[in-house]
Structure formats: structure tokens, C-alpha cells
Amino acid sequence: TGNFIRYSNFNAFSHCSYSEIFANSGIFALISYIYLLLYFVKRQYKFYIETQDSIFKFTFIFGLVWALYNFLYVFYTGPWLIGYFFLIAGYSERKYKEIIYGHDYFF
């Protein structure tokens, strides 16, 4: 990580996840990361439409804010920050299955 500094004119760190991931890992990683974010946002919207549960409205808004805030800060290099995103995604999946299949699905 941190290869963007080598490509910038002023040896500055990128404050954008998208440019930083492109400089560090290339176009395939950038496309994968954008796909991951778009998939999450689309899935949360689908969950909200199906269930009308407010938690999915929150996770949908969280996904939009996360994707937009990536223009202002580099999230994927911080293991705790990207881990937080995956915790929210995992919780959303579990909550959706709990609503659809019932409480006994997990036990």
C-alpha cells in the first residue's frame, strides 16, 4: 500500500479510496472494489423493498454514504475500517435470513 505517493507530483498521499486502490493494485482491484460496494447497496435496497424493515433502510444509506465518503478518505487500507463494513454486511445478511426463514433458521 502507499504506492500513490510514488505517482503523485508532490509525493502526497491520496485521500480517495478509488485512486489509491488503482495506484496500489491496478484496474482489476478497483473494478472489484466498486462492484463490491454497488452490490452491497443494491442488495440493501432489495432487502428494504422486500421487508420494509428500517434496518435495511439504514444499511442502504450506510452503503451510499460509505461509497461517497470513499472520495474523501482511504478506507480499504485500514483493516478496522474495512472490517466494520464487512460486519455491517454480515449483520444485514443474517437479519434478512432471520426475517425470511424465521428465528429457527440459525439454531
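Relevant structure appears above.
Residues numbered from 1 in each chain as written. Predicted model: local features only at pLDDT ≥ 70, side-chain atom pairs only at ≥ 80, totals over all residues. Heavy atoms only, no water.

Student: Can you help me understand the packing of aromatic side chains in this one?
Tutor: Where two aromatic rings form a pair, the distance of their centres and the angle of their planes describe that pair. Throughout the structure, instances matching the rule amount to 14 aromatic pairs. Seen in terms of ring centroids, F62 and F85 are 6.5 Å apart; in terms of plane orientation they differ by 20 degrees. Their pairing is stacked. With F62 in helix α4 (residues 54-69) and F85 in helix α5 (residues 79-101), the pair connects residues that are 23 residues apart, well separated along the chain. Pairwise contacts between aromatic rings join F40, F58, F62, W66, Y84, F85 and F86 into one cluster. (Phe/Tyr/Trp six-rings, centres within 6.5 Å; stacked < 30°, edge-to-face > 60°. Helix = DSSP H or I, 4+ residues; strand = E, 2+ residues; numbered from the N terminus.)

Student: Quick question: what am I supposed to make of a nonpolar patch on the surface here?
Tutor: A contiguous nonpolar surface patch, about 800 Å² in accessible area, is contributed by I61, V65, L68, Y69, F71, L72, Y73 and L81. It is α4 that provides the largest number of residues to the nonpolar patch, a total of 4 residues. Residue L68 is classed as exposed on the basis of its relative accessible area of 60%. (Patch = residues over 30% accessible without salt bridge, like charges linked within 9 Å, V, L, I, M, F, W, Y side chains within 5 Å. Areas by Shrake-Rupley, 256 points an atom, 1.4 Å probe, with all protein chains shown as cover. Salt bridge = Lys/Arg side-chain N within 4 Å of Asp/Glu carboxyl O. Buried < 20%, exposed > 50% of the residue type's maximum accessible area, 1.4 Å probe, protein only.)

Student: What is the right way to look at the pattern of salt bridges in this model?
Tutor: Here the idea is simple: oppositely charged side chains can pair when their charged atoms come close. Evaluated as defined, the whole model comprises 3 salt bridges. For the salt bridge of E50 with K46, the shortest nitrogen-to-oxygen distance reads 3.8 Å. A residue pair is termed a helical-turn pair when its members lie 3 or 4 positions apart in one helix, as E50 and K46 do in helix α3 (residues 27-51) at 4 residues. We classify K46 as partly exposed; its relative accessible area is 38%.

Student: Could you clarify how one ought to interpret the environment of S92 in this entry?
Tutor: Mapping S92 onto the fold places it in helix α5. For S92 and R43, which are 49 residues apart along the polypeptide, the C-alpha to C-alpha distance reads 9.6 Å. A distance of 2.4 Å separates a polar atom in the side chain of S92 from a polar atom in the side chain of Q44. (Polar contact = N/O pair within 3.5 Å; in protein donor to acceptor, adjacent residues only side chain to side chain.)

Student: Would you take a moment to explain the nonpolar core for this structure?
Tutor: The nonpolar side chains of a soluble globular protein tend to be buried with one another. Ranked by internal contacts, the top residues of the largest apolar core, which has 15 residues, are Y18, Y33, L37, F40, F62, W66 and F85. Only α2 (17-25), α3, α4 and α5 provide two or more residues apiece to this core. Considering every element that reaches this core, the biggest residue donor is α3, with 5 residues. Every residue in contact with L37, bar those within four places of it in the chain, is listed here: Y18, W66, A67, N70 and F85. (Core = buried A, V, L, I, M, F, W, Y, C linked by side-chain atoms within 4.5 Å. Contact = heavy atoms within 4.5 Å.)

Student: Whenever I open this one, the packing of α2 against α3 confuses me. Can you help?
Tutor: How two helices sit against one another is set out by the angle between their axes and by the gap between those axes. Running from amino to carboxyl end, α2 crosses α3 at an angle of 145 degrees, the nearest separation of the two axes being 7 Å. Across from S17, Y18, I21, F22 and S25 in α2, the residues of α3 making contact are I27, A29, L30, Y33, I34 and L37. Its residues assigned to classes, the contact of α2 with α3 shows 9 nonpolar, 2 polar and no charged. (Axes fitted to C-alpha atoms, helices over the stretch in contact; angles between N-to-C directions. Nonpolar A, V, L, I, M, F, W, Y, C, P; charged D, E, K, R; others polar.)

Any functional reading would require information that these geometric values do not contain.
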